[in-house]
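Each chain, letter by letter, is given below.
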Amino acid sequence: QVHLVESGGGLVQPGGSLRLSCTASGFTFSNYIMTWYRQAPGKERELVATIDGTGGITTIVDSVKGRFTIARDNAKNTVYLQMNSLKPEDTAVYYCRKPVAIDSPGYWGQGTQVTVSS
């Protein structure tokens, strides 16, 4: 059974930093692209970052480029989202997702709340 468990969210002041973690189980983690999404109140869920199975190829959405980075540790079955210089507009629930692959379905984590406010 697949599980994706996010952690690391919380309340942070503008300009601050957080590191989100997503620990996976139930599948061969290193074989798959992993992603982070976020959903702000009243808005659609949006893709924030992706990382390939080796960690060598990453993409970041333009709105957070230069502030957020994605990384993974395959030995720990964990993907990270490092968020720096946070802004109030980064406030959202952040979700870890294993995308649909040719040999397996997609899965969502339960989400972790990030609130950026003074």
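Below, the structure is looked at part by part.

What counts and how
- Residues numbered from 1 in each chain as written.
- Predicted model: local features only at pLDDT ≥ 70, side-chain atom pairs only at ≥ 80, totals over all residues.
- Heavy atoms only, no water.
- Helix = DSSP H or I, 4+ residues; strand = E, 2+ residues; numbered from the N terminus.
- Buried < 20%, exposed > 50% of the residue type's maximum accessible area, 1.4 Å probe, protein only.
- Lys, Arg positive; Asp, Glu negative; His and termini not counted.
- Salt bridge = Lys/Arg side-chain N within 4 Å of Asp/Glu carboxyl O.
- Polar contact = N/O pair within 3.5 Å; in protein donor to acceptor, adjacent residues only side chain to side chain.
- Contact = heavy atoms within 4.5 Å.
- Disulfide = S-S within 2.5 Å.
- Core = buried A, V, L, I, M, F, W, Y, C linked by side-chain atoms within 4.5 Å.
- Phe/Tyr/Trp six-rings, centres within 6.5 Å; stacked < 30°, edge-to-face > 60°.
- Lys NZ or Arg CZ within 6 Å of the ring centre and 35° of its normal.
- Pairing = 2+ DSSP bridges.
- Axes fitted to C-alpha atoms, helices over the stretch in contact; angles between N-to-C directions.

Comments concerning the side chain of Lys 98
And step 1. Counting through the fold element by element, Lys 98 comes out in strand 9 (residues 92-98).
And step 2. For the buried Lys 98, no salt bridge is present, and the opposite-charge side chain at shortest range is Asp 103, 5.7 Å distant.
And step 3. One polar contact links the side chain of Lys 98 to the main-chain carbonyl oxygen of Pro 105, over a distance of 2.8 Å.
And step 4. Excluding residues that lie within four positions of it along the chain, Lys 98 makes contacts with Leu 4, Phe 27, Tyr 32, Ile 33, Met 34, Ser 104, Pro 105, Gly 106 and Tyr 107.

Looking at the state of the cysteines
And step 1. Evaluated as defined, the whole model comprises 1 disulfide.
And step 2. Here Cys 22 pairs with Cys 96 through a disulfide, and the sulfurs are 2.1 Å apart. Measuring handedness by torsion sign, the sulfur bridge of Cys 22 and Cys 96 sits at about -70° and is left-handed. In this pair, Cys 22 sits in strand 3 (residues 18-25) while Cys 96 sits in strand 9, placing the two residues 74 residues apart along the sequence.

A look at the nonpolar core
And step 1. Trp 36, Val 79, Leu 81, Met 83 and Tyr 94 are the most contacted members of the largest nonpolar core, which totals 29 residues.
And step 2. Elements with a contribution of two residues or more to this core: strand 3, strand 4 (34-39), strand 5 (46-51), strand 7 (68-73), strand 8 (78-83), strand 9 and strand 11 (112-116).
And step 3. Among all residues touching Leu 81, those that are not within four sequence positions of it are Leu 18, Arg 19, Leu 20, Trp 36, Val 48, Ala 49, Phe 68, Thr 69, Ile 70 and Tyr 94.

Thoughts on the packing of aromatic side chains
And step 1. Using the criterion set out here, one finds 4 aromatic pairs in the structure.
And step 2. Between Phe 27 and Tyr 32, the ring centres sit 5.9 Å apart and the planes meet at 65°, which makes this aromatic pair edge-to-face.
And step 3. Under the relative-accessibility criterion, Phe 27 is labelled buried at 15%.
And step 4. Owing to a relative accessible area of 12%, Tyr 32 belongs among the buried residues under this scheme.
And step 5. Ring geometry for Tyr 37 and Trp 108: centres 4.9 Å apart, planes at 65°, overall edge-to-face. Of this pair, Tyr 37 sits in strand 4 while Trp 108 is found in strand 10 (residues 107-108), placing the two residues 71 residues apart along the sequence.
And step 6. An aromatic cluster is present here, built from Phe 27, Phe 29 and Tyr 32 joined pairwise through their rings.
And step 7. We note Arg 45 situated over the ring of Trp 108; from NZ or CZ to the ring centre the distance is 4.5 Å.
And step 8. One cation-aromatic arrangement involves Arg 72 over Phe 29; the distance from NZ or CZ to the ring centre is 4.3 Å.

With respect to the sheet that holds strand 7
And step 1. Here we have 4 strands laid out as an open sheet, ordered 1-3-8-7, and antiparallel in their pairing. Either end of the sheet is taken by a strand with one partner, and the two such strands are strand 1 (3-7) and strand 7. Strand-to-strand twist of the sheet, defined as the mean angle between neighbouring strand axes without regard to direction, takes the value 15°.
And step 2. With 6 bridges joining them, strand 3 and strand 8 adopt antiparallel strand pairing. Bridge assignment links Cys 22 to a residue of strand 8, and that residue is Val 79.

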